[in-house]
Structure formats: C-alpha cells, structure tokens
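The chain contents come next:
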Amino acid sequence: MVAGQYLPPWFSVAPMMDWTDNHYRTLARLISKHAWLYTEMLAAETIVYQKDNLDRFLAYSPEQHPIVLQIGGNNLENLAKATELANPYHYDEINFNCGCPSPKVAGHGCFGARLMLDPKFVGEAMSVIAANTDVPVSVKCRIGVDDHDSYNELCDFIYKVSSLSPTRHFIIHSRKAMLNGISPAENRSIPPLKYEYFYGLLRDFPDLRFTINGGINCVDEVNAARRAGAHGVMVGRAAYHNPWQVLGHVDSVIYGAPSSCITRRQILEKYQVYGDSVLGKYGIKPHVRDVVKPLLHLFYSEPGNGLWKRKADAAFQNCKSIKSFFEETLVAIPDSVMDSPVAEPLSGRDDLFENIDSLLPTPYKLSEQEVLYA
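Residues numbered from 1 in each chain as written. Predicted model: local features only at pLDDT ≥ 70, side-chain atom pairs only at ≥ 80, totals over all residues. Heavy atoms only, no water.

Caption draft 1: Structural detail: the overall build of the chain. What the chain contains, in helices and strands, is 18 helices and 9 strands. Against the 2.2 N^0.38 benchmark of 21 Å for 374 residues, the chain shows a C-alpha radius of gyration of 21 Å, consistent with a compact globule. Dimensions along the principal axes, computed over C-alpha positions, put the chain at roughly 70 × 50 × 40 Å. Within the span of the chain, comprising 374 residues, buried residues form 54% of the whole. Restricting the contact set of the chain to residue pairs at least 6 apart, pairs at least 24 apart contribute 76%. For the chain, the accessible surface area stands at approximately 16,500 Å², while carbon and sulfur atoms represent 52% of it. Here the chain holds 36 positive side-chain charges and 42 negative ones, and the gap between their average locations is 4 Å. (Helix = DSSP H or I, 4+ residues; strand = E, 2+ residues; numbered from the N terminus. Rg over C-alpha atoms; globule rule 2.2 N^0.38 Å. Buried < 20%, exposed > 50% of the residue type's maximum accessible area, 1.4 Å probe, protein only. Contact = heavy atoms within 4.5 Å. Areas by Shrake-Rupley, 256 points an atom, 1.4 Å probe, with all protein chains shown as cover. Lys, Arg positive; Asp, Glu negative; His and termini not counted. Charge placed at Lys NZ, Arg CZ, Asp CG, Glu CD.)

Rendered as structure tokens:
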C-alpha cells in the first residue's frame, strides 16, 4: 500500500494519546472510508525495545488504510531503528511529533514540542527517518513554544527543517505550546489560535504542503479552511467525541463520494465481529471496556444516550464479550436512532477564516544566518 493509491489527506483525524488506538481507528474507518487516520504517538524507544512484541504496538487491519504512524523521540539512532522496524507494517506515511506539550514528553522526555527549539536536530531526524522508509514523511508541530512565538521564528523552523531534509508536509497546530507548567488540556485552550500564521506559511512556502489543526470541529469548518487555501485539515477531539456526526459526513461533503446511507446498527454489527475477535489477544487484554471505549460517544446527544452509558457502566462488570455487552445495553437506544443514516451536517462558524488575507503577518524574509541552510 502506498499513499498514492488513496485520495489526498483533505481530512485527517489527529493522533491522540490513549484515544486513537486500534479500536477507535476501526470504528472511524467503518464510518468514513476516506479520512486519513493517525496512530497514537509511539516513542521510538518503545518500538526499539519492544521489537519482539511489535504487533501489539504496530499491527492494524488493512481496512485502516490510509493510515499514518506518528513517532516521537530525540535519539537519531533509535528513530532510524524504529522506522526500519515499522516498515513491514506498511504505513502510508511516517509523521514526527514536534508538538506534544505534555510534561512527560516535552519535559522529562525532551522531545515533542520542545524540539521546535532545535530545528537543526529536527531536520537531521527527518533525514534519518526518510532514509529508512520508502513512504512520505511529515512533521506535526505548533506555531511556537513559550516566548519563541513570533511568525518569523515559526518560518525559521519550517525553512530549516525543509532545507535539511526531504520533509514537504507540515501539520500545524495553530496554537503555541506553553511548557511552563500548564497542563496538556490547558495547552489546547489557553494559547490563542493564530490561523493567520498558518495561512502566512501557505503564502511564504508555496512549494510545501500544510495541514491546519486546532479549533476546527465539523465538516462545514473543514471546507471553510480548505476554501481559504489549506491543503488539508486535521480534526482532533471533535472526531472522537462526536464520531457519527463528524466522520459520517467526511466522504460525501469533503470527498464528494455518494452517501453510504450506513446506519449505526450496521456499524455496530461489524464492530461486534471485530471486537470479539480481539478480546484477550494479548494475555488478558484488551478487556471489553477497552474495546467499547470509543463507542461511548457514538450516540452523542441522541435520545437514550444517558441510559446507554449507565447500562454500559453496569455491563462492564459482568460482560465477557462484545455481543453480550450489546445485548445488555443497546435496548436503551431507540430503533429510530439505530436505523437512521447520519443527519444533516452541523453548521460551522461563518467567520472562522473571514478576512484571513487581511490578517496575515509580514512576509517572511531570510536572515543571513538562515541563508546558510540553503
């Protein structure tokens, strides 16, 4: 499988720790055939040290294509080994995490968002990753870190990394990362969104591809971002917390495919087959709770959703299969909900990218120091 066999990544689901695992990706692919899916971030060291147990971390079903492996780390040798070890799993792209603000990652781990302060290393890392794979490589980053948050500093990072490596695709989370003690959750809300920085990059680096991330919650807003010029749009928590409404419109509204008219009952019938086939695959894990976790948002805001969740909490105590779990819980959901195709798309914010061209920062100019990277 190679990326060229699939439609472009106009829409992708962000890598999210503890969320975008195999179970969620299986559900997401049942709803959307064309959305690009990302793994959770895997540390290069984990892949290297678990080389005799790789299926647990890297295996996935062929139906999940197109799929991107996101790795993190700050050791070139381990990044090279991890990429090589991942090759037999045929991911469609390898993405390098330069945006995670978690203290475990950017603090004690000294990678993630902290790497934006060392673009020379990121360029070297991307060259090493690219040298050990035949698929495209990309970087996911913020627009800055702490006080290093000017547009020119962001451009310096993009210029250096793309000059020192074959990287031609950057996913830009349009907030800066604050590494001075605020939590990862606060890092998704306290730093303001600066979409003008993202669209400035489109203007100043016309030979590169940019995917926008941050604060975009529905397909209406995805299309607004693309109309404003974004090559691709990445959606995170909205695609996890409301998968039916968000992913259910991706294929038709974004990719122009005919509506599948699939229902949640049909999706759950297929998911049950998957779920029961993987229970206890790795010793006692995954449990029923692990496999069901991404389903708990499938009936977001629908009649019966609250009762379904209460029944789910009780069923986790005794159900040993996905089939028995569904038999115990789905009675809470009306047939009209189970058997209806996805409703009309949610309306987005009309002004999200309004007049963005008038807000763009001053065009980037290379300093004499940056010219040395050319």
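Caption draft 2: The pattern of salt bridges, seen in detail. Per the stated rule, a full pass over the model turns up 9 salt bridges. Of the charged contacts, one joins arginine 264 and glutamate 302 as a salt bridge, the two residues approaching to 2.7 Å between their closest N and O atoms. Of this pair, arginine 264 sits in helix 13 (residues 264-278) while glutamate 302 sits in the loop between helix 14 (288-292) and helix 15 (305-315), placing them 38 residues apart in sequence. Classification of arginine 264 by relative accessible area gives buried; the value is 3%. With a relative accessible area of 25%, glutamate 302 lands in the partly exposed category. The partner of arginine 265 in a salt bridge is aspartate 335, and the shortest N-O contact between them spans 3.1 Å. (Salt bridge = Lys/Arg side-chain N within 4 Å of Asp/Glu carboxyl O.)

Caption draft 3: Just a negative patch on the surface, in detail. A cluster of acidic residues, Asp220, Asp350, Asp351 and Glu354, forms a negative patch at the surface. With respect to the secondary-structure elements, glutamate 354 resides in the loop between helix 17 (335-338) and helix 18 (368-371). (Patch = residues over 30% accessible without salt bridge, like charges linked within 9 Å, V, L, I, M, F, W, Y side chains within 5 Å.)

Caption draft 4: Examining the nonpolar core more closely. Grouped together as the largest cluster of nonpolar side chains are 119 residues, with contacts concentrated most on Phe11 and Phe96. At 7 residues, the largest contribution of residues to this core is made by helix 7 (residues 151-164). Those residues within four positions of phenylalanine 11 in sequence are excluded, and the remaining contacts are Ala35, Trp36, Val222, Val233, Val235, Val246, Leu247, Val250, Ile254 and Tyr255. (Core = buried A, V, L, I, M, F, W, Y, C linked by side-chain atoms within 4.5 Å.)

Caption draft 5: Structural context of the layout of surface pockets. Counted as a void, the second largest pocket has a volume near 280 Å³. Along its surface, the second largest pocket is lined by 18 residues, and Gly248, Ser259, Ser260, Cys261 and Ile262 are the ones closest to its centre. Among the elements of the structure, helix 1 (22-31), helix 11 (243-247) and helix 12 (250-254) are those that each provide at least two residues to the lining of the second largest pocket. Taken together, the residues of the lining of the second largest pocket break down into 10 nonpolar, 5 polar and 3 charged. (1 Å grid on protein atoms, 1.4 Å probe; cavity = no way out; pocket = protein on both sides within 12 Å on 5 of 7 lines; lining within 4 Å. Points joined across faces, edges and corners; volume = space filled by probe spheres on them. Nonpolar A, V, L, I, M, F, W, Y, C, P; charged D, E, K, R; others polar.)

Caption draft 6: How the structure looks around the side chain of arginine 25. Inspection of the secondary structure assignment puts arginine 25 in helix 1. Here arginine 25 sits buried without a salt bridge, and the closest side chain of opposite charge, glutamate 40, lies 5.6 Å off (N-O distance). For arginine 25, the contacting residues outside a window of four places in its chain are Thr20, Leu37, Tyr38, Thr39, Ala59, Tyr60, Gln64 and Ile67.

Caption draft 7: Fine view of helix 6 (residues 119-131). Across its 13 residues, helix 6 extends 18 Å between first and last C-alpha, which sits within 8% of the 18 Å expected from 1.5 Å per residue. All buried positions along helix 6 are accounted for by Pro119, Phe121, Val122, Gly123, Ala125, Met126, Ile129 and Ala130. Residues of helix 6 that are buried in the fold lie against strand 4 (67-72), helix 4 (76-86), strand 5 (93-98), strand 6 (137-141) and helix 7. (Expected span 1.5 Å × (residues − 1).)

Caption draft 8: Spatial organisation of helix 7. Its 14 residues place the ends of helix 7 20 Å apart at the C-alpha level, agreeing with the 20 Å of an ideal helix rising 1.5 Å per residue. Among all positions in helix 7, only Tyr151, Leu154, Cys155, Asp156, Phe157, Ile158, Tyr159, Lys160, Val161 and Ser162 are buried.

Caption draft 9: Focus on the environment of asparagine 187. Tracing the chain through its elements places asparagine 187 in the loop between strand 7 (169-173) and helix 8 (195-204). For the pair asparagine 187 and arginine 175, spaced 12 residues apart in sequence, the C-alpha to C-alpha distance is 8.1 Å. When neighbours within four sequence positions are excluded, asparagine 187 is seen to be in contact with Pro101, Arg142, Arg175, Lys176, Ala177, Met178 and Ile182. Reaching out from asparagine 187, the side chain makes a polar contact with the backbone nitrogen of methionine 178 at a distance of 2.7 Å. (Polar contact = N/O pair within 3.5 Å; in protein donor to acceptor, adjacent residues only side chain to side chain.)

Caption draft 10: Local environment of the packing of helix 4 against helix 6. Running from N to C, helix 4 and helix 6 point in directions that differ by 30°, and their axes come no closer than 9 Å. Comparing their axes, helix 6 and helix 4 come out roughly parallel. The two elements helix 4 and helix 6 meet at a crossing, and its hand is right-handed. In this structure, helix 4 contributes Leu76, Leu79, Ala80 and Thr83 to the contact, and helix 6 contributes Phe121, Glu124, Ala125, Val128 and Ile129. In terms of residue class, the contact of helix 4 with helix 6 is made up of 7 nonpolar, 1 polar and 1 charged. (Axes fitted to C-alpha atoms, helices over the stretch in contact; angles between N-to-C directions. Parallel < 35°, antiparallel > 145°, perpendicular 65-115°, else oblique. Left-handed = near helix turned anticlockwise from the far one by under 90°.)

Caption draft 11: Highlighting empty space enclosed by the protein. Summed over the entire model, instances satisfying the criterion amount to 1 cavity of 30 Å³ or more. Considering the residues around the largest cavity, the lining is formed by Pro9, Ser12, Trp36, Tyr38, Val68, Glu93, His169 and Thr211. Looking at side-chain class alone, the lining of the largest cavity contains 4 nonpolar, 3 polar and 1 charged residues.

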